[in-house]
Amino acid sequence: MSKPLDVSLETTHLVRDSCLCLHVQRAARALARRFDEALRPLGLTNGQFSLIMSLNRPEPPGMGSVASLLAMDRTTLTAALKPLERRGLVAVAPDPADKRSRLVTLTPEGRALLAQAVPIWTRAHAAVEDRLPGEPDRLRDDLKALAL
């Protein structure tokens, strides 16, 4: 067996200071905590807010459409929907056009909670944008480019 190579402290510092993945993860965690705290009075996490917001459409979307929008796999989406279903905020039912597929509907209770959450999100979002040293639209565009 060959001897493992040592990674220098200099390399560790280089990665710490320059790794885009690390910096995006840290920023994402900080943002998630900020929005979780803001939405806590409604019993929502930032992820649940994004999920119910993604269901606010004229026609109920399919699981694949929602999973794609939220950049998650269907199994993760199914797990994320369970607590929202238990709270009566969403309903999952077979697609009448294709019984193998499922449609996700925001219930009236879900719509009412979403209406309460939007002003909270708006205030929290404005506070985040105010902290940015640059242009928020530029950051959004850059992040979208990375997500492709």
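A. Looking closely at the overall build of the protein. Broken down by element type, the protein carries seven helices and two strands. Computed over C-alpha atoms, the radius of gyration of the protein comes to 20 Å, more than 25% over the 15 Å expected from 2.2 N^0.38 for 148 residues, which places it beyond the range of a compact globule. Overall size of the protein, expressed as C-alpha extent along the three principal axes, is 60 × 45 × 25 Å. Of the contacts made within the protein by residues no fewer than 6 positions apart, 45% connect residues no fewer than 24 positions apart. Taking the average place of the 21 positive charges on the side chains of the protein and the average place of its 17 negative ones, the gap between the two points comes to 5 Å.

B. Broad picture of the packing of aromatic side chains. Under the counting rule described, the total for this entry stands at one aromatic pair. Arranged with centres 6.2 Å apart and planes meeting at 15°, the rings of F49 and W121 form a pair that is stacked. One end of the pair, F49, is in helix α3 (residues 46–54); the other, W121, is in helix α6 (residues 108–131), with 72 residues separating them in the sequence. Given the relative accessible area of 30%, W121 is considered partly exposed.

C. Focus on the layout of surface pockets. In this structure, the largest pocket encloses a volume near 1800 Å³. If you trace the largest pocket, you find 38 residues lining it, with A28, L31, H125, R140 and L143 closest to the centre. For the lining of the largest pocket, the elements supplying multiple residues, two or more each, are α2 (20–39), α3, α4 (63–69), α6 and α7 (136–147). Among the elements that line the lining of the largest pocket, the one with the most residues is α2, at ten residues.

D. Just the pattern of salt bridges, in detail. Counted under the stated rule, the structure contains six salt bridges. A salt bridge links D98 to R100; the nearest nitrogen and oxygen atoms lie 3.0 Å apart. The partner of R140 in a salt bridge is E129, with the nearest N and O atoms 2.7 Å apart. Taken together, the residues span a long stretch of sequence, with R140 in helix α7 and E129 in helix α6 at a distance of eleven residues.

E. Inspection of the confidence of the model for the protein at higher detail. The pLDDT averaged across the protein works out to 95; a share of 99% of its residues lies at or above 70. Per-element confidence in the protein is highest for α3, whose mean pLDDT is 98, and lowest for α7, whose mean pLDDT is 93.

F. Looking closely at the pairing of strand β1 (residues 90–95). Where β1 meets strand β2 (residues 98–106), six bridges bridge the pair, whose relative direction is antiparallel. When the sheet's bridge partners are listed, P94 is paired in β2 with R102. The antiparallel hairpin formed by β1 and β2 contains two residues in its connecting segment.

G. Structural view of the nonpolar core. In this structure, L44, I52, L77, L81, L84 and V90 are the most contacted members of the largest nonpolar core, which totals 21 residues. Looking at this core, the elements that each hand over two or more residues are α3, α4, α5 (74–86), β2 and α6. In terms of residue count, the dominant contributor to this core is α6 (four residues). Filtering out sequence-adjacent residues up to four positions away, L44 remains in contact with D36, L39, I52, L84, R87, L113 and A117.

Conventions used here
- Residues numbered from 1 in each chain as written.
- Predicted model: local features only at pLDDT ≥ 70, side-chain atom pairs only at ≥ 80, totals over all residues.
- Heavy atoms only, no water.
- Helix = DSSP H or I, 4+ residues; strand = E, 2+ residues; numbered from the N terminus.
- Rg over C-alpha atoms; globule rule 2.2 N^0.38 Å.
- Contact = heavy atoms within 4.5 Å.
- Lys, Arg positive; Asp, Glu negative; His and termini not counted.
- Charge placed at Lys NZ, Arg CZ, Asp CG, Glu CD.
- Phe/Tyr/Trp six-rings, centres within 6.5 Å; stacked < 30°, edge-to-face > 60°.
- Buried < 20%, exposed > 50% of the residue type's maximum accessible area, 1.4 Å probe, protein only.
- 1 Å grid on protein atoms, 1.4 Å probe; cavity = no way out; pocket = protein on both sides within 12 Å on 5 of 7 lines; lining within 4 Å.
- Points joined across faces, edges and corners; volume = space filled by probe spheres on them.
- Salt bridge = Lys/Arg side-chain N within 4 Å of Asp/Glu carboxyl O.
- pLDDT = per-residue confidence, 0-100.
- Pairing = 2+ DSSP bridges.
- Core = buried A, V, L, I, M, F, W, Y, C linked by side-chain atoms within 4.5 Å.

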